[in-house]
Amino acid sequence: MATAKAPNSSSQEKLRQAYHLAGEAASDQAAHLRDRARSSVENSKRRATDLEQRFESQIKKHPVASVGCAFAVGWVIAKLLK
């Protein structure tokens, strides 16, 4: 009977090791994805800030054209929603 338990306990130990390794791999992958997401959010924020500054400078350079464009866009949206 001792020989019957040896393979079973060995397979249980292998299963525990595999479970532990899978957990570590999942944890590492989650950390990697979290870092990538954080980097992507930071890049998006930086791009949005740059775009905002570009729009602001264009509005300051051409205030009348900016008001005209805003009016035209508002008019088109109003016509589309009617």
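Residues numbered from 1 in each chain as written. Predicted model: local features only at pLDDT ≥ 70, side-chain atom pairs only at ≥ 80, totals over all residues. Heavy atoms only, no water.

### With respect to the overall build of the protein
Assigned secondary structure in the protein consists of two helices and zero strands. The C-alpha atoms of the protein give 30 Å as radius of gyration, which overshoots the globular expectation for 82 residues (12 Å, by more than 25%). Overall size of the protein, expressed as C-alpha extent along the three principal axes, is 95 × 35 × 5 Å. Within the protein, buried positions represent 0% of all 82 residues. Approximately 7600 Å² of the protein is accessible, and the part contributed by carbon and sulfur atoms is 63%. Within the protein, one finds 14 positive and 8 negative side-chain charges whose respective centroids are separated by 8 Å. (Helix = DSSP H or I, 4+ residues; strand = E, 2+ residues; numbered from the N terminus. Rg over C-alpha atoms; globule rule 2.2 N^0.38 Å. Buried < 20%, exposed > 50% of the residue type's maximum accessible area, 1.4 Å probe, protein only. Areas by Shrake-Rupley, 256 points an atom, 1.4 Å probe, with all protein chains shown as cover. Lys, Arg positive; Asp, Glu negative; His and termini not counted. Charge placed at Lys NZ, Arg CZ, Asp CG, Glu CD.)

### Some details on the pattern of salt bridges
As enumerated under the stated definition, the model contains three salt bridges in all. Between arginine 16 and glutamate 13 there is a salt bridge; the shortest N-O distance is 3.1 Å. Of this pair, arginine 16 and glutamate 13 are both found in helix H1 (residues 2-61), three residues apart, which corresponds to roughly one turn of the helix. For glutamate 13, a relative accessible area of 37% corresponds to the partly exposed category. One salt bridge in this structure joins glutamate 56 and lysine 60, with 3.4 Å as the shortest N-O distance. (Salt bridge = Lys/Arg side-chain N within 4 Å of Asp/Glu carboxyl O.)

### Examining a nonpolar patch on the surface
On the surface, Phe71, Val73, Trp75, Val76, Ile77, Leu80 and Leu81 cluster together to form a nonpolar patch covering roughly 810 Å² of accessible area. Tracing the backbone through its elements, the reader meets tryptophan 75 in helix H2 (residues 63-81). (Patch = residues over 30% accessible without salt bridge, like charges linked within 9 Å, V, L, I, M, F, W, Y side chains within 5 Å.)

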